[in-house]
Amino acid sequence: MRKIKMVDLRTQYLRHKAEIDHAIQDVIDSTTFIKGPAVKNFEQELAAYLGTGHCIACGNGTDALQAAFMAIELKPGDEVITTPFTFIATVEVIKLLGLRPVFVDVDPDTFNLNPGLIEPAVTEKTKAIVPVHLFGQAADMETILNLADQFGLKVIEDNAQALGTSYRFSTGQVKKTGAMGQIGCTSFFPSKNLGAFGDGGALFTDDPLLGKKIASLVNHGMIKKYHYEQVGFNSRLDTMQAAILRVKLRHFDGYNKARQAAAKAYDEGLSNLEGVKTPQRNSFSDHIFHQYTLQVSGGVRDDLKTHLHEQGIPSMIYYPVPLHMQEAYKDLGYGKGDFPIAEELCNKVLSLPMHTELDDDQLKYIVSSVKNFYNK
Ligand SMILES: *Cc1c(COP(=O)(O)O)cnc(C)c1O
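Predicted, not measured: the structure shown is a model, and the values here were computed from it.

Asker: Any chance you could break down the packing of helix 3 (residues 37-50) against helix 8 (residues 239-250) for me, citing the residues and the numbers?
Answerer: Taken N-terminus to C-terminus, the directions of helix 3 and helix 8 make an angle of 35°; their axes are 8 Å apart at the nearest point. Where helix 3 crosses over helix 8, the handedness of that crossing is left-handed. Here Ala38, Val39, Asn41, Phe42, Glu45, Leu46 and Tyr49 of helix 3 come into contact with helix 8, specifically with Thr239, Ala242, Ala243, Leu245, Arg246 and Leu249. Residues that form the contact of helix 3 with helix 8 fall into these classes: nine nonpolar, two polar and two charged.

Now the structure itself:
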């Protein structure tokens with residue numbers, strides 16, 4: 001059996017080696033390392049894939065979030081509602097821009113924002129909601145978009161973990177995550193579902209004015225060569241990364257299917273096991289399993305992790321500390337007990353290996369190793 005990895009980027013690369021090597025060599029031969037034609041092409045292809053009017057590539061997912069908040073012109077002191085159970089970048093950017101993150105607890109089954117708790121958190125300073133489609137499954141966008149309408153708020157989707165997921169509205173309309181709010185943001189960090197060979201990110205919008213503004217923001221606020229309309233910053237997707245991502249986008253639905261097949265094998269093996277809860281699905285979204293995350297009860301999560309490690313199986317805790325309890329965010333004034341679901345999840349979650357290259361032998365071995373922890 002091949003060695004089990006949390007994310008197996010090498011085996012995936014080897015499957016498409018010829019195509020990827022060719023794309024890289026083309027960029028080297030052209031020496032258009034910055035703003036080469038592959039960047040525009042990739043932006044157009046990804047916009048078409050998402051069904052959104054505009055895609056603007058940038059340097060990473062964190063910069064995408066920063067450009068999004070700058071584009072909707074939030075002012076210091078404005079409040080942004082989001083989740084305490086996410087990667088730090090979501091909240092870091094809000095804080096860096098002088099905005100105030102206001103947390104709302106998550107749903108214990110899906111890990112996503114609990115939409116019932118949003119309205120009580122809205123004040124006259126609230127300007128935006130940032131749903132994070134965590135682990136590959138969409139947040140309850142219909143409710144969130146309706147609340148945003150009602151209170152005049154912007155919606156910025158953090159779609160770093162769910163690129164490719166579809167969301168079904170009660171009308172039957174289907175949209176991709178990242179294409180529903182005013183702006184969607186994503187990341188091409190290598191371990192993300194669509195991963196580059198380095199850093200990368202992108203923003204999506206249907207609004208042509210916002211699209212223009214974002215494109216200028218991530219290019220020093222430039223409107224035409226050496227004329228600047230706003231204070232921007234420098235955040236670009238390298239041509240080499242765009243060329244690699246164009247190849248991978250052609251295989252992307254297959255990648256997500258492979259993840260779903262692995263998740264199915266885990267579900268079948270583990271859903272009846274006392275003591276662990278397999279990932280629950282909501283009724284309105286696909287799940288493309290950026291992570292396959294168990295909830296382990298009985299206080300034995302860390303013991304299970306150690307047991308798996310001894311069997312040669314890596315696992316990860318996403319996330320061990322909720323953001324409202326992080327040292328750097330103390331001054332927000334939150335404390336233990338404020339978001340009990342997020343806090344409890346931090347003690348229970350364990351993510352199993354999840355990538356496009358897990359084979360049957362590996363999946364069977366992981367399932368039986370989890371089981372024999374309980375049947376020792
Ligand atoms: C990965 C990630 C980001 C940041 O993306 P980078 O490309 O690493 O800057 C933001 N939000 C979430 C939820 C993420 O998982």
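And the narrative resumes.
Asker: Go over the pattern of salt bridges with me, naming the residues and quoting the values.
Answerer: Tallied over the full model, the rule gives 17 salt bridges. The residue Glu19 makes a salt bridge to Arg250 at a minimum N-O spacing of 3.4 Å. Note that Glu19 is positioned in helix 2 (residues 17-30) and Arg250 in helix 8, a separation of 231 residues in sequence. A salt bridge links Asp331 to Lys95; its shortest N-O distance comes to 3.2 Å.

Asker: Talk me through the packing of helix 10 (residues 301-310) against helix 12 (residues 360-374); I want residue IDs and the actual numbers.
Answerer: The N-to-C vectors of helix 10 and helix 12 enclose an angle of 130°; their axes lie 10 Å apart at closest approach. Considering their axes alone, helix 10 and helix 12 lie oblique with respect to each other. You can see that helix 10 and helix 12 cross each other, and the crossing is right-handed. Contact residues: helix 10 offers Asp303, Leu304, His307 and Leu308, while helix 12 offers Ser369, Val370, Asn372, Phe373 and Tyr374. Of the residues contributing to the contact of helix 10 with helix 12, the split by class is five nonpolar, three polar and one charged.

Asker: Can you lay out the nonpolar core for me, pointing to particular residues and giving the numbers?
Answerer: If you look at the biggest cluster of nonpolar residues, it comprises 28 residues, and the most contacted ones within it are Phe42, Leu46, Leu163, Phe188 and Leu194. The leading source of residues in this core is helix 3, at seven residues. If near-sequence neighbours (up to four positions away) are discounted, Leu163 is found in contact with Leu46, Leu50, Thr186, Phe188, Leu194, Phe204, Phe252, Asn256 and Ile288. By size, the runner-up hydrophobic cluster in this structure holds 25 residues, among which are Ala67, Ile72, Val130 and Leu210.

Asker: Account for the packing of aromatic side chains, with residues named and values stated.
Answerer: For the structure shown, the criterion picks out 17 aromatic pairs. Ring centres 4.9 Å apart and planes at 70° place the aromatic pair Tyr167 and Phe169 in the edge-to-face group. When its relative accessible area of 1% is taken as the criterion, Tyr167 is described as buried. Consider the rings of Tyr334 and Phe339, whose centres lie 5.2 Å apart with planes at 70°: the pair is edge-to-face.

Asker: Break down the sheet that holds strand 13 (residues 292-296) for me, with residues and values.
Answerer: Through backbone hydrogen bonds, the strands of a sheet pair up, either in parallel or in antiparallel fashion. Here we have three strands laid out as an open sheet, ordered 12-13-14, and antiparallel in their pairing. Each edge of the open sheet carries a strand with a single partner, namely strand 12 (276-277) and strand 14 (349-352). The strands touched by helix 10 within the sheet are strand 13 and strand 14, with strand 14 carrying the most contacts at an inclination of about 20°. Strands strand 13 and strand 14 of the sheet are contacted by helix 11 (residues 340-348), whose axis makes an angle of about 50° with strand 14.

Asker: Describe in detail helix 6 (residues 141-151), supporting the description with residues and values.
Answerer: Each α-helix turn comprises 3.6 residues. Residues three or four places apart therefore point the same way. By the burial criterion, the buried members of helix 6 are Met141, Ile144, Leu145, Leu147 and Ala148. What you see down the axis of helix 6 is that its buried residues fit within an arc of 160°, all on one side. Exposed side of helix 6, more than 90 degrees from the buried face: Asp149 and Gln150 are the residues found there. Its buried side turned inward, helix 6 meets strand 4 (126-130), strand 5 (154-158) and strand 6 (166-168). Of the residues one or two after helix 6, Gly152 is the one with positive phi, at around 65°.

Here is what the cut-offs are and how they apply
Residues numbered from 1 in each chain as written. Predicted model: local features only at pLDDT ≥ 70, side-chain atom pairs only at ≥ 80, totals over all residues. Heavy atoms only, no water. Axes fitted to C-alpha atoms, helices over the stretch in contact; angles between N-to-C directions. Helix = DSSP H or I, 4+ residues; strand = E, 2+ residues; numbered from the N terminus. Left-handed = near helix turned anticlockwise from the far one by under 90°. Contact = heavy atoms within 4.5 Å. Nonpolar A, V, L, I, M, F, W, Y, C, P; charged D, E, K, R; others polar. Salt bridge = Lys/Arg side-chain N within 4 Å of Asp/Glu carboxyl O. Parallel < 35°, antiparallel > 145°, perpendicular 65-115°, else oblique. Core = buried A, V, L, I, M, F, W, Y, C linked by side-chain atoms within 4.5 Å. Buried < 20%, exposed > 50% of the residue type's maximum accessible area, 1.4 Å probe, protein only. Phe/Tyr/Trp six-rings, centres within 6.5 Å; stacked < 30°, edge-to-face > 60°. Pairing = 2+ DSSP bridges. Arc of directions from axis to C-beta.

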